[in-house]
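# Analysis of the macromolecular model
Below, each chain spelled out in residue letters.
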Amino acid sequence: MEMTSMPLKRGCLVVEDDDSVTLQEETKKQKVSECCLTSSQDGIENDSLHSSKEEPGPPEVESTKKDEKSSCAQVQVEEEEEDSLLETGEEEEPESFADMMRHGLTELDVGITKFVSPHEGFSGILKERYSDFVVHEIGKDGRISHLDDLSVPVDEEEPSEDALTVLTAEDRQQLEELQLFKNKETSVAIEVIEDTKEKRTIIHQAIKSLFPGLETKTEDREGRKHIVAYHAAGKKALANPRKHSWPKSRGSYCHFVLYKENKDTMDAINVLSKYLRVKPNIFSYMGTKDKRAITVQEIAVLKISAQRLAHLNKCLMNFKLGNFSYQKNPLKLGELQGNHFTVVLRNITGTNEQVQQAMQSLKETGFINYYGMQRFGTTAVPTYQVGRAILQNSWTEVMDLILKPRSGAEKGYLVKCREEWAKTKDPASALKKLPVKRCVEGQLLRGLSKYGMKNIVSAFGIIPRNNRLMYIHSYQSYVWNTMVSKRLEDYGLKPVPGDLVLKGATATYIEEEDVSNYSIHDVVMPLPGFDVIYPKHKISEAYREMLTADSLDIDNMRHTIRDYSLSGAYRKIIIRPQNVSWEVVAYDDPKIPLFNTDVDNLEGKPPPVFASEGKYRALKMDFSLPPSTYATMAIREVLKMDTSIKKQTQLNTNWLR
């Protein structure tokens, strides 16, 4: 198979303007500024290897269903207000997006230079609509997650709908104050107006369900029946309030399938936690997913009933929850087998023969398993530079790289914040320029205000650990991309003595006599670290030279701060997608969906019907990828183009405008 270098003028991938700004978003404990931390996710990558998350802890006290109904509008307003802070309230930038992106990175800047197939490239538009990019998670059992059932599991101990509406607003307020020890009373009595056993049972259920930690009893008072609520275990009940109300026969975790549109996973969980009035860390998942896409994945939540979750379907836009079940255990990051992608490339220029050649090559040979552009950022300061400075222990440089003014596409308030920092070096003053403090810049400035300019390490430590580690993982990715390009340049698409392969989790060398037993699909390359070995050929020296040039010691990748010590890992250099299929369809209306989503199928919508001739042609492709691989790199191999936003905006400024 012939190795081809990147052509300067080949097929191009048009990325819509809105997508360009969101393409770099990643695992987020909190919203992270586009300019700093990049996404290895964006649904485009199945990255579970480098993510970390808090273990689910005890949840906050639940609110009532009626509270949830009334909070729907309130939470929506809060979200819109926050979005307006992020999207507006800034002056119009004098440069166009395309002009600003001339400062951005190209694939060449991050070591992406090779293709594996000799076919001719062609152009197409990726994500013209976010619904053109659909991701279905593949669970640890190998099944693809689909949303196809909105029903709630039958549970004899689950309160009825009547139980959720039987209490008056005044009753609920008194009970909440009692539950939280906010009044001097030791109990609350509720008179039963229509005194029947059924009515009393409903009130008992409602109180125990909606106010965990409270117990109830029936009393006669002056000839009238009252339900009396009281604390079963004093203030200790608040430490784990649901212990008293969650049915013992049921698993502690409710697993469900989350269908979402145009939201990344952490944003989605933040929305769910707001509506449910619980902490986000009671949710668990196997991997994060894309923003600008439709994604379907499994989520688990601690001691929130399926009934409460299903109720959110009445409140939420762009979300759907279903396929509920109760399980004993949460989900763990990395347990997924991968993701299945359904991607539409609109307005393709390739002939049917070109498409056939490209897709057959993708199916049979695969693509180079590069880390995609979204891992490295979109501005003139790549994230790998920050990672390199962390590994060098150059903390002043880390601070400067994150906060200094930079060229490229950025929000207006970030530009003003950076200008203020450059002018004053006053963290409090620069922080005032940020309407939203949860971006990396805001967190670092808050840390500098708290710990002072002489303790940058502690100030940087305020940023969530997951986001801090993204920087050094970006540097590892940069080294890996560069070394893999060199490996393919020097040795091509065949295994050679001294290459590395995995036997189980252990890397071993290919010996001369064993070369014929392996293919290029078996070969792995190391991400630099203290617990990996390097190939036994000249690429090993190339690793050493690259790290030495960056003032790093390849023989000592342990950092004085344990969090930043790199153990390293191994990654296959060529990935062959599974379950590959494709078709070319004709269409006239650029806005029509070209396939049905899970929600479309639930609603009984018929699949789209295509004409034999149309104004436009689209390539619809399906394929499955393992964790930590990028769908954009597969699409790059098909179209033979540079996926960087800089190149796309240069090639397609007319489209972007």
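What you are looking at is a predicted structure, and each value in this text was computed from that prediction instead of being measured.

### A word on the sheet that holds strand 18 (residues 569–572)
The four strands are arranged 16-15-17-18 in an open sheet whose pairing can be described as antiparallel. Looking at strand neighbours, the two that pair on one side only are strand 16 (506–509) and strand 18, the edges of this open sheet. With strand direction ignored, the average angle separating the axes of adjacent strands in the sheet is 55°. Where strand 15 (residues 500–503) lies against strand 16, four bridges are found, and the strand directions are antiparallel. Note on strand 16: the bridge partner recorded for L502 is A507. This element, helix 15 (residues 465–491), spans strand 17 (523–527) and strand 18 of the sheet and lies at about 140° to strand 17.

### Details of the side chain of R571
Here R571 lies in strand 18. A polar contact is formed between the side chain of R571 and the backbone oxygen of S628, at a distance of 2.5 Å. Other than its neighbours up to four places away in sequence, R571 contacts N369, Y370, Y371, W480, V523, V524, M525, L527, S628, T629 and Y630.

### Quick notes on the pattern of salt bridges
Scanning the model with the defined rule gives 22 salt bridges in all. Of the charged contacts in the structure, one is a salt bridge between D220 and K225, with a shortest N-O distance of 3.4 Å. Judged by its relative accessible area of 24%, K225 is partly exposed. With a shortest N-O distance of 3.1 Å, D563 and R465 are connected by a salt bridge. Placement of D563 in the loop between helix 16 (538–549) and strand 18 and of R465 in helix 15 is noted, with a sequence separation of 98 residues between them. You can call D563 partly exposed: its relative accessible area is 27%. Classification of R465 as partly exposed rests on a relative accessible area of 38%. Via salt bridges that share partners, K217, E219 and R221 belong to a single interconnected network.

### Focus on the packing of helix 9 (residues 383–391) against helix 15
The contact between helix 9 and helix 15 brings their axes to 7 Å, and the two run at 105°. Relative to helix 15, helix 9 is oriented roughly perpendicular. Here T383, Y384, V386, G387, R388, I390 and L391 of helix 9 lie close against helix 15, whose contacting residues are R468, Y471, I472, S474, Y475 and Y478. For the contact of helix 9 with helix 15, the residue count by class is eight nonpolar, three polar and two charged.

### Re the packing of helix 9 against helix 10 (residues 395–403)
Where helix 9 contacts helix 10, the axes come no closer than 8 Å and their chain directions differ by 165°. Taken together, the axes of helix 9 and helix 10 are roughly antiparallel relative to one another. In the crossing of helix 9 with helix 10, the sense of the turn from one axis to the other is left-handed. Residues Q385, V386, A389 and I390 of helix 9 touch helix 10, and the partners they reach there are W395, E397, V398, L401 and I402.

### Looking at the confidence of the model for the chain
In the predicted model, the chain carries a mean pLDDT of 80, and 78% of its residues have values of at least 70. The model gives residues 80–94 a pLDDT under 50, and that stretch makes 18 contacts with residues more than four places away or in other chains. Segment residues 236–244 is flagged for pLDDT under 50; beyond a separation of four residues in sequence, or across chains, it makes 24 contacts in the model.

### Topic: the pairing of strand 7 (residues 214–221)
The pairing of strand 7 with strand 8 (residues 224–231) spans eight bridges and is classified as antiparallel. Bridge pairing links R221 to R224 in strand 8.

### Examining the environment of N369
The topology assignment puts N369 in the loop between strand 14 (367–368) and helix 9. On the basis of relative accessibility, which here comes to 2%, the residue N369 falls in the buried class. Separated by 111 residues in sequence, N369 and W480 place their C-alpha atoms 9.9 Å apart. Sequence-distant contacts of N369, that is, excluding residues within four places in its chain, are made with W480, R571, K572, I573, I575, S628 and T629. Reaching out from N369, the side chain makes a polar contact with the backbone oxygen of K572 at a distance of 3.0 Å.

### Things to note about the environment of S551
If you trace the backbone, S551 turns up in the loop between helix 16 and strand 18. On the accessibility criterion, S551 (58% relative accessible area) is exposed. Note: C-alpha distance between S551 and R388 (163 residues apart in sequence) is 9.1 Å.

### So, unusual backbone geometry
One non-glycine residue with positive phi stands out, namely R277, at about 55°. Mapping R277 onto the fold places it in the loop between helix 6 (265–276) and strand 10 (283–285). Located in the positive-phi region is N579, a residue other than glycine, with phi close to 55°. Looking at the secondary structure, you find N579 in strand 20 (residues 578–587).

### Focus: the packing of aromatic side chains
Applying the stated criterion across every chain yields a total of 14 aromatic pairs. Measuring from centroid to centroid gives 6.2 Å for Y371 and Y630, while their planes differ by 75°, and the two rings are edge-to-face. With Y371 in the loop between strand 14 and helix 9 and Y630 in the loop between strand 21 (616–625) and helix 18 (631–639), this pair connects stretches of sequence that are 259 residues apart. For the pair Y371 and Y630, a shared accessibility class is recorded, and that class is buried. Three or more aromatic residues joined by ring pairs form one cluster here, namely F376, Y384, Y475 and Y478.

### So, the sheet that holds strand 6 (residues 187–191)
Spatially, the three strands line up as an open sheet ordered 6-8-7, and their pairing is antiparallel. Looking at the sheet topology across the chains shown, the edges are occupied by strand 6 and strand 7. Shown here is a sheet whose adjacent strand axes are inclined to one another by a mean of 25°, direction ignored. In the packing of helix 4 (residues 169–179) onto the sheet, the strands contacted are strand 6, strand 7 and strand 8, and the crossing angle to strand 6 comes to about 160°. Relative to the sheet, helix 5 (residues 197–210) contacts strand 6, strand 7 and strand 8, its axis offset from that of strand 7 by approximately 145°.

Conventions and cut-offs
Residues numbered from 1 in each chain as written. Predicted model: local features only at pLDDT ≥ 70, side-chain atom pairs only at ≥ 80, totals over all residues. Heavy atoms only, no water. Pairing = 2+ DSSP bridges. Helix = DSSP H or I, 4+ residues; strand = E, 2+ residues; numbered from the N terminus. Axes fitted to C-alpha atoms, helices over the stretch in contact; angles between N-to-C directions. Contact = heavy atoms within 4.5 Å. Polar contact = N/O pair within 3.5 Å; in protein donor to acceptor, adjacent residues only side chain to side chain. Salt bridge = Lys/Arg side-chain N within 4 Å of Asp/Glu carboxyl O. Buried < 20%, exposed > 50% of the residue type's maximum accessible area, 1.4 Å probe, protein only. Parallel < 35°, antiparallel > 145°, perpendicular 65-115°, else oblique. Nonpolar A, V, L, I, M, F, W, Y, C, P; charged D, E, K, R; others polar. Left-handed = near helix turned anticlockwise from the far one by under 90°. pLDDT = per-residue confidence, 0-100. Phe/Tyr/Trp six-rings, centres within 6.5 Å; stacked < 30°, edge-to-face > 60°.

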